[in-house]
Amino acid sequence: MSTMSLPVAPVRRLRRAWLMQITLVPLVLLGVWEVWAVLAGDSHAPAPTRVIESFIELVAQGGLIGATVESLGRVVSGFAVALVLGVVLGILMGSNRWVRNLLDPIVESFRPVAPMALLPLAILWLGAGTPAAVSIVAYAAFFPLLINTVHGVSRVDRKLVLAARTMGVPRWRILTKVVLPASLPAVLLGSRLAMGVAWTAIVAAELGVGAKSGGGGSGGIGAMMFVFYAYNVDLNAIVVCMIVVGVVALLIDRLFRFAEHRLMPWRT
Amino acid sequence: MAITVNNVQQHAADRGARAIGAFTARAVPPAGSEAVAAPTAQAATALLRRLAATRTVTALCAFALFVGLWYGVSAWINNRILVPSPTQVATALVQLGASGELFTHALVSTSRLGMSLIASLVLAVPLGFAMGMNEKLNAYLDPVVELLRPISGIAWIPIGLFIFGVGDTLPVFIMVYVAFFPLLLNTIAGVRNVDRKLIDAARTMGVRRTPMLLHVVVPAALPTIMVGFRLAFAGAWSAIIAAELIGAPSGLGFAIEWYRELLMSPKMFAFIVLIGIVGYVCDLLLRALQRVLTPWAEGTGLA
């Protein structure tokens, strides 16, 4: 008993010190924010306690969860389109020098065109709704996926491909058994980056669609924020939405890191 | 390894081209003397092959294909508002350039971009140096950074609109926020990854704190900071379009949305093209700056 308790105490003390270290500044900042809101005297000024109240209310109504799920659904469908296009084109460009030389200039000239610059075009073509938002997400997610896949495929050890070819393995089998597994790390990295960009893009697109369709008929977390800004003027609810945006971004990132770790345990 | 394999393939391709050239020259006898024509035809095909292999020629082919495709689609849809043809967009570009509108909007956006990049440099780099060199400070401030970082700059637009209103301040605020995190994190990483041996060597030679910072830490951390700066630019460039589109009365993002509402699609396309060009030129300038400021980073993966 006593031999057990000896090492536990310092560990516990260390953990307590660590907990204090990581929570001190955020708690102080939250306190300052709360005091500022109380001193401001305006009952609409955002404050941590009011944000929590607002969060509970929004969750109870079901609007917040519904909007988040709707946005996530759009992100997933846009990401799926980008994944198929990006990986197929990436394999073509990575394995064939001629295709790469031909398509590289076009890809490079589209890359500096920010996804949001195409939102007016998407609204013009597809109307202010889900398809416009999804296409912006797909466009934003396409570039990290393509570039990482090209990089991964072109870095596949030539010796492996040549060895397989010497042994008479058909082209298709070389692709599925040699090239794809070897470039998997790059594709997964591209997926994680693409998903982060996609989540930012959906918030931007929904905000833009909401702002430009005059009334946020499209739904989603971004449109919800815009409605709270333009119609209800509920700052606490906007802060709730911002926190949800941050938490979802963090969860997506962790999920993809976990997948990378699980699928490729050999690279920590 | 890859280079030698490529060379071998190139060599084989050349030989193949020469063989094909010789074969066609022989199979289709020209009107003139065969003895003279064969080598010229051979040289011509070889030249063609080599031209096709150069990057500029394939790039030009790619653009020609793209513009051709665009022409085809615009002719097929035959709707000026939905898909204007490349010539209409080019005319719009010239018109906007002649009236000076192109340059005013580009200037507004780039000056906002410049201002916010400078502001975030001033905020993030000193803080990054402090956090990179002081473990205690880093332990206390890092949680705040990690709490704020996942909230994208775009998500600040509604509350920013409320605080600053529609105008110049909103895009600048959003961009400073967006550019801050890559700069800060890269500065911290750069300062922390300075080779300990360099610092120890300098310390052994009695170098004091300030010269150590200026002559050892800054040069060693600068390549990583420059990478952070380019990431910051890329993030800010996408954020400015969103911020201007939603909450500014001027700038490139405002202009495309303005011309969409007027259904003047050629001008809208012209501004989209301009956004691409300005973004590309800024990236080229940053790359040049990177080469000038940190020539020692060449070939380390940070260039």
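Residues numbered from 1 in each chain as written. Chains lettered and ligands numbered in written order. Predicted model: local features only at pLDDT ≥ 70, side-chain atom pairs only at ≥ 80, totals over all residues.

Remarks on the overall build of chain A
Within chain A, the regular secondary structure consists of ten helices and zero strands. The linear arrangement of helices and strands in chain A, starting from the amino end, is α-α-α-α-α-α-α-α-α-α. Compactness check: chain A gives a C-alpha radius of gyration of 24 Å against a globular reference of 18 Å for 268 residues, more than 25% above the reference. In terms of overall dimensions, chain A has a C-alpha envelope of 75 × 70 × 30 Å along the principal axes. The proportion of buried residues among the 268 residues of chain A is 40%. The long-range fraction of contacts in chain A, counting pairs at least 24 apart against all pairs at least 6 apart in sequence, stands at 70%. (Helix = DSSP H or I, 4+ residues; strand = E, 2+ residues; numbered from the N terminus. Rg over C-alpha atoms; globule rule 2.2 N^0.38 Å. Buried ≥ 20, exposed ≤ 12 C-beta atoms within 10 Å, placed from the backbone. Contact = placed C-beta atoms within 7 Å.)

Some points on the overall build of chain B
Helices and strands together make up the secondary structure of chain B, namely twelve helices and zero strands. Along the chain direction, N to C, the helices and strands of chain B fall in the order α-α-α-α-α-α-α-α-α-α-α-α. Classification of the 303 residues of chain B by burial places 32% in the buried group. Across chain B, every contact between residues at least 6 apart in sequence was considered, and the portion connecting residues at least 24 apart equals 71%.

Thoughts on the interface of chain B and chain A
Taken together, the 44 residues of chain B in the interface contact 45 residues of chain A. At the level of elements, α1 (2-27), α3 (55-77), α6 (135-148), α7 (157-164), α10 (209-247), α11 (252-261) and α12 (265-293) of chain B are the ones that each hand at least two residues to the side of chain B that touches chain A. For the side of chain B that touches chain A, a count of residues per class yields 34 nonpolar, six polar and four charged. (Nonpolar A, V, L, I, M, F, W, Y, C, P; charged D, E, K, R; others polar.)

Re the nonpolar core
Formed by 135 residues in total, the largest nonpolar core has its most connected members in A:I136, A:V137, A:A141, A:A198, A:C241 and B:A236. Those residues in contact with A:C241 that lie beyond four places of it in its chain are A:I221, A:M224, A:M225 and A:F228. (Core = buried A, V, L, I, M, F, W, Y, C linked by C-beta atoms within 7 Å.)

A few points about the domain arrangement of chain A
Residue and element names in this part refer to chain A. Domain boundaries assigned for chain A yield domain 1 (1-41) and domain 2 (46-263). Distance between the C-alpha centres of domain 1 and domain 2: 36 Å. Taken together, the contacts link four residues of domain 1 with four residues of domain 2. Here the residues of the side of domain 1 that touches domain 2 are counted per class, giving three nonpolar, no polar and one charged. (Domains from an automatic or database assignment.)

Focus on α11(B)
Within α11(B), eight of the ten residues are buried, leaving the element largely enclosed by the surrounding structure. Backbone geometry just after α11(B) places B:L263 at a positive phi near 55 degrees.

Brief notes about the packing of helix α5 (residues 101-133) of chain B against α10(B)
Residue and element names in this part refer to chain B. The geometry of α5 relative to α10 is characterised by a closest axis approach of 10 Å and an angle of 135 degrees between their N-to-C directions. Comparing the axis directions of α5 and α10 gives the class oblique. In this structure, α5 meets α10 at a crossing whose hand is right-handed. Judged by residue contacts, S109, R112, L113, S116, L117, S120 and V125 of α5 engage I225, A232, F233, A236, W237, I240 and E244 from α10. (Axes fitted to C-alpha atoms, helices over the stretch in contact; angles between N-to-C directions. Parallel < 35°, antiparallel > 145°, perpendicular 65-115°, else oblique. Left-handed = near helix turned anticlockwise from the far one by under 90°.)

Here we look at the environment of B:E261
Residues and elements named next belong to chain B. For E261, the position within the fold is in helix α11. On the basis of neighbour count, E261 is assigned to the partly exposed category, with 13 C-beta atoms found within 10 Å. Sequence separation between E261 and L148 is 113 residues, and the spatial gap between their C-alpha atoms is 35 Å.

A look at the environment of B:L117
All names here are of chain B. Tracing the backbone shows L117 in helix α5. Spatially, the C-alpha atoms of L117 and V278 are 16 Å apart, while their sequence positions differ by 161 residues. Beyond its immediate sequence surroundings of up to four residues, L117 is in contact with A179, A232, F233 and A236.

Digging into unusual backbone geometry
Residues and elements named next belong to chain B. With a phi close to 55 degrees, N78 is a non-glycine residue in the positive phi region. Mapped onto the secondary structure, N78 falls in the loop between α3 and α4 (86-99). Even without a glycine there, the phi angle at L263 is positive, about 55 degrees. Mapping L263 onto the fold places it in the loop between α11 and α12. Overall, L263 belongs to the exposed group, with 11 C-beta atoms counted inside 10 Å.

Topic: the environment of A:F55
Residue and element names in this part refer to chain A. When you line up the elements, F55 lands in helix α2 (residues 48-61). Residue class for F55 comes out partly exposed when judged on the 18 C-beta atoms lying within 10 Å of it. Spatially, the C-alpha atoms of F55 and I147 are 39 Å apart, while their sequence positions differ by 92 residues.

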